[in-house]
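Residues per chain are reported as follows:
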Amino acid sequence: MGILILSFAKKDREFKRLLPSISVEGISAFVYTVEMGSFTAASQALGLSKSAAAKSVARLEERLGVQLLLRTTRSITLTDEGKVFFLKSKEILENIEAAETSMSLRRREVTGVLRVSLPVSFGRLWAAPALLELTTQYPSLVLNLSFTDRFVDLVEEGFDLSVRIGASDDSATILTRMLAEQTSILCAAPAYIARHGTPDKLEDLASHRCIFFEHGGRLLPWHLVTEDGDMVEQSYAGCLTVNHGEALLDAALAGHGIARLSTWLAGEHLRSGALVPVLSFSDMVDRSINLLWPRRRDHAPKIRVAIDALVARFASPVPWGR
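The structure reproduced in this document is the subject of the present report. The structure presented is a predicted model; accordingly, all values stated were derived computationally and were not measured. (Residues numbered from 1 in each chain as written. Predicted model: local features only at pLDDT ≥ 70, side-chain atom pairs only at ≥ 80, totals over all residues. Heavy atoms only, no water.)

Focus on the packing of helix α3 (residues 39–46) against helix α4 (residues 50–64)
Then step 1. Relative orientation of the contacting elements α3 and α4 amounts to 105 degrees, with a least axis distance of 8 Å. In this view, α3 runs roughly perpendicular relative to α4, as classed from their interaxial angle. Taking contact as the criterion, the partners of F39, T40 and S43 in α3 are, on α4, K50, A53, A54 and V57.
Then step 2. By residue class, the composition of the contact of α3 with α4 is four nonpolar, two polar and one charged. (Axes fitted to C-alpha atoms, helices over the stretch in contact; angles between N-to-C directions. Helix = DSSP H or I, 4+ residues; strand = E, 2+ residues; numbered from the N terminus. Parallel < 35°, antiparallel > 145°, perpendicular 65-115°, else oblique. Contact = heavy atoms within 4.5 Å. Nonpolar A, V, L, I, M, F, W, Y, C, P; charged D, E, K, R; others polar.)

Structure (structure tokens):
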């Protein structure tokens, strides 16, 4: 044990000696590459090219005189020296971020990079426009918007904010605020109804062409309310499936079947008559739309203005109406 302690202390002293000549860009590229698992993901988060991120880490290794990463075509792993350097580097970046936040709070300035994870369809249609408006109001704010329907780990993946449809986060390190409720309805194009008729009860759906959403390679069944108010789960074999919300909407609009759509996605088309409700007794609020952010970043000005903008965007009545 004594040897290990002495070895770490020696590396720590060497790190401090070299620190003044090491660029923050190199440290950032190294930490992001480790946390995100690839130069490609790190470069996107940092706003660099993949080659620039890789070269920054290579220059860092050259300056230190040690190999920090073991690179293969499929993975990147830390060497023993890399593990030591990663812990110290992450601490430095967190201290820099804390200092920037402190100065911003003193000046009440909204600056820096704001990394936000958004659901693909909902994010593009409803959340991103509110965030993009902030860049006009705060020219020093740099947005980094990541669109994915995967539930990201904000702390591990370095996100400042996440909009999430469905489950929130019970972690003590994450704060959550509900933005809105998602109501889902069964609907179809008038052309489809003209050809196949209108179902009168849930049992009739078995003889209709239904369009389902697929997520992670799995068909997601419909959760429906019966006329008696009971909850049932329905799925039908041989139906159309898609794995993109807006493609699901497109299929319904084109008359390919009955779809279960959120009103934030279908509201405009329901108002215009391009889609008509089916079995309206089965409409239901099925999930909440939540905003999440790390507790330790709660007072950062860039995060506070983004939270305020999104809360205002989805204040009742919700903007998509019906």
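Some remarks on helix α2 (residues 24–36)
Then step 1. With 13 residues, α2 should reach 18 Å at 1.5 Å per residue; the first-to-last C-alpha distance of 18 Å fits that figure.
Then step 2. What α2 keeps buried is the set G26, I27, S28, A29, F30, V31 and T33.
Then step 3. Looking one or two residues beyond α2, the residue adopting positive phi is G37, at roughly 90 degrees. (Expected span 1.5 Å × (residues − 1). Buried < 20%, exposed > 50% of the residue type's maximum accessible area, 1.4 Å probe, protein only.)

A look at the nonpolar core
Then step 1. Grouped together as the largest cluster of nonpolar side chains are 46 residues, with contacts concentrated most on F122, V163, L261 and L310.
Then step 2. Here the element with the most residues in this core is helix α6 (residues 120–137); it accounts for seven residues.
Then step 3. Contact partners of L261, with chain neighbours within four places excluded, come to T183, S184, I185, C187, L248, L249, A252, A266 and L275.
Then step 4. A188, L205, F212 and L224 belong to the second largest nonpolar core, which has 15 residues in total. (Core = buried A, V, L, I, M, F, W, Y, C linked by side-chain atoms within 4.5 Å.)

Let's talk about the side chain of R260
Then step 1. If you trace the backbone, R260 turns up in strand β12 (residues 258–262).
Then step 2. There is no salt bridge for the buried R260, and the closest opposite charge comes from D286, which lies 4.7 Å off by N-O distance.
Then step 3. Excluding its chain neighbours within four sequence positions, the residues that come into contact with R260 are S184, I185, L186, I211, W222, H223, L224, L248, S282 and M284. (Lys, Arg positive; Asp, Glu negative; His and termini not counted. Salt bridge = Lys/Arg side-chain N within 4 Å of Asp/Glu carboxyl O.)

A short note on the environment of L240
Then step 1. Tracing the backbone through its elements, the reader meets L240 in strand β11 (residues 240–242).
Then step 2. Relative accessible area serves as the criterion here: at 23%, L240 is assigned to the partly exposed category.
Then step 3. C-alpha separation for the pair L240 and E214, spaced 26 residues apart in sequence, amounts to 9.9 Å.
Then step 4. Not counting the four nearest positions on each side in its chain, L240 is found in contact with R209, C210, I211, F212, A251 and H256.

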